[in-house]
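Examining the three-dimensional arrangement
The lines below spell out each chain.
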Amino acid sequence: MDAVDAVDAVGGPRFGERVGRLVRHEGRWLASLVWWVARRRVGVPEGARALPYAGAQAALTYGLAFVFVVETVGVSLLLRDRPGLHAVALVADVYTVLMVLGGQAAAVTRPHVLDPDGLLVRDGARSELRIPLESIASVRYDLRSRQAERGGADGGREGGGLLELAVAGQTSVTVELAEPVVAVRLLGRRESVTTVRFHVDDARGAVAAVRAARSAAERAGPVTPG
């Protein structure tokens, strides 16, 4: 039994590892705010194709941010005669606004990425999964709503070999895998997945691009038949 199996056997990553992962997650979305202002994208090398997915949640994100800004102003007025409480509330409110905007910044600066080696599927600053082209059995446009579904604590729907990374409660692309790929959740839990559902703003274009990349890889060398 290797180290990963040993950790999984006792119920998942240890507390220290979970805390470390949460701290790194905070750092990633904070850094994403800087990249967002600079109009830069993370992990999109030259020759790769970015597949954006942040558009679907933009209106909701900016709406929430506006509500929190109004709340911040209101609380500041209510607590203006209590400087201690005012300072604590102001820090908490400003952090909340930054966290909401940071989620959008992470989604904008960390798009899905398609390159000659595979497909990198991302969930903002939370997690990512690289899928080799030879592991893709099929890819299709598949619009689904998750209004009546619940995500796991680590992000994404869990169980049954399915990884579901919804944006604004929906997914639009389904990838079926010819062989399992190991996905690592936000808190470090690992699971084997055979189906991946995620959202892309231009889902049909993304499906066509993945199929073209897979066909090119097929011509260059044998891959799993689809």
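Residues numbered from 1 in each chain as written. Predicted model: local features only at pLDDT ≥ 70, side-chain atom pairs only at ≥ 80, totals over all residues. Heavy atoms only, no water.

Attention shifts here to the sheet that holds strand β3 (residues 118–122). One open sheet accounts for four strands, arranged β1-β2-β3-β4; its pairing is antiparallel. Two strands bound the open sheet, and with one partner strand each, they are β1 (49–51) and β4 (128–132). Averaged over all neighbouring strand pairs, the angle between strand axes comes to 15°, with direction disregarded. One ladder, built from three bridges, connects β1 with strand β2 (residues 112–115); its direction is antiparallel. The residue bridging R49 from the neighbouring strand is L114, located in β2. (Pairing = 2+ DSSP bridges. Helix = DSSP H or I, 4+ residues; strand = E, 2+ residues; numbered from the N terminus. Axes fitted to C-alpha atoms, helices over the stretch in contact; angles between N-to-C directions.)

Relative to the helices and strands, H25 is located in helix α2 (residues 15–37). Between the C-alpha atoms of H25 and S127, which are 102 residues apart in sequence, the distance is 8.7 Å. Residues within four places of H25 in sequence aside, it is in contact with A125, R126 and L186. (Contact = heavy atoms within 4.5 Å.)

Time to look at unusual backbone geometry. The phi dihedral of R39 is positive, around 60°, even though this residue is not glycine. Position of R39 relative to the elements: it lies in the loop between α2 and β1. One non-glycine residue with positive phi stands out, namely A168, at about 55°. Here A168 shows up in the loop between β6 (162–165) and β7 (170–184).

What follows concerns helix α4 (residues 83–109). In this model α4 runs 37 Å from its N-terminal to its C-terminal C-alpha over 27 residues, within 8% of the 39 Å that 1.5 Å per residue would give. Taken together, the buried positions of α4 are occupied by A89, D93, V97, V100, G102, Q104, A105, A106, A107 and T109. Where the residues of α4 are buried, they touch α2, α3 (55–78) and β3. (Expected span 1.5 Å × (residues − 1). Buried < 20%, exposed > 50% of the residue type's maximum accessible area, 1.4 Å probe, protein only.)

Below, the discussion takes up the environment of V193. By secondary structure assignment, the location of V193 is in strand β8 (residues 190–198). Placed 31 residues apart in sequence, V193 and L162 show a C-alpha to C-alpha distance of 5.4 Å. Apart from the residues within four sequence positions on either side, V193 is in contact with L129, G161, L162, L163, L177, E179, P180, V181 and A183.

With that settled, consider the packing of α2 against α4. The geometry of α2 relative to α4 is characterised by a closest axis approach of 7 Å and an angle of 75° between their N-to-C directions. With respect to α4, the axis of α2 lies roughly perpendicular. Residues E26, W29, S32, L33, W35 and W36 of α2 lie in contact with α4, whose contacting residues are Y95, L98, M99, L101, G102, Q104, A105, A106, V108 and T109. In the contact of α2 with α4, the residues fall into 11 nonpolar, four polar and one charged. (Parallel < 35°, antiparallel > 145°, perpendicular 65-115°, else oblique. Nonpolar A, V, L, I, M, F, W, Y, C, P; charged D, E, K, R; others polar.)

To continue, consider the environment of L64. Among the secondary structure elements, L64 is positioned in helix α3. On the basis of relative accessible area, L64 is assigned to the partly exposed category, the value being 38%. Put simply, L64 and V100 are 36 residues apart on the chain and 7.4 Å apart in space, counted from C-alpha to C-alpha.

Turning next to the confidence of the model for the chain. Parts of the model with low pLDDT should not have their predicted coordinates read in detail. For the chain, per-residue confidence averages 87 on the pLDDT scale, and 86% of positions sit at 70 or higher. Considering only residues more than four positions removed or in separate chains, one finds that residues 148–155, a stretch of pLDDT under 50, has 16 contacts. (pLDDT = per-residue confidence, 0-100.)

Right, let's talk about the pairing of β6 for a bit. What you see with β6 is no split at all: L162 and E164 on one side and L163 and L165 on the other are buried throughout. In the sheet, β6 pairs with β8 via four bridges, with the strands oriented parallel. Residue pairing for β8: L163 is matched across the bridge by V196.

A few words on the packing of α3 against α4. If you want to describe how two helices pack, look at the angle between their axes and the distance between the axes. Between α3 and α4, the shortest axis-to-axis distance is 10 Å and the interhelical angle comes to 170°. As far as their axial angle goes, α4 and α3 are roughly antiparallel. The segment α3 lies against α4, with Q57, A58, T61, Y62, L64, A65, F68, V69, E71, T72, V75 and S76 engaging H86, A89, L90, D93, T96, V97, V100, L101, G103, Q104 and A107. Its residues assigned to classes, the contact of α3 with α4 shows 13 nonpolar, eight polar and two charged.

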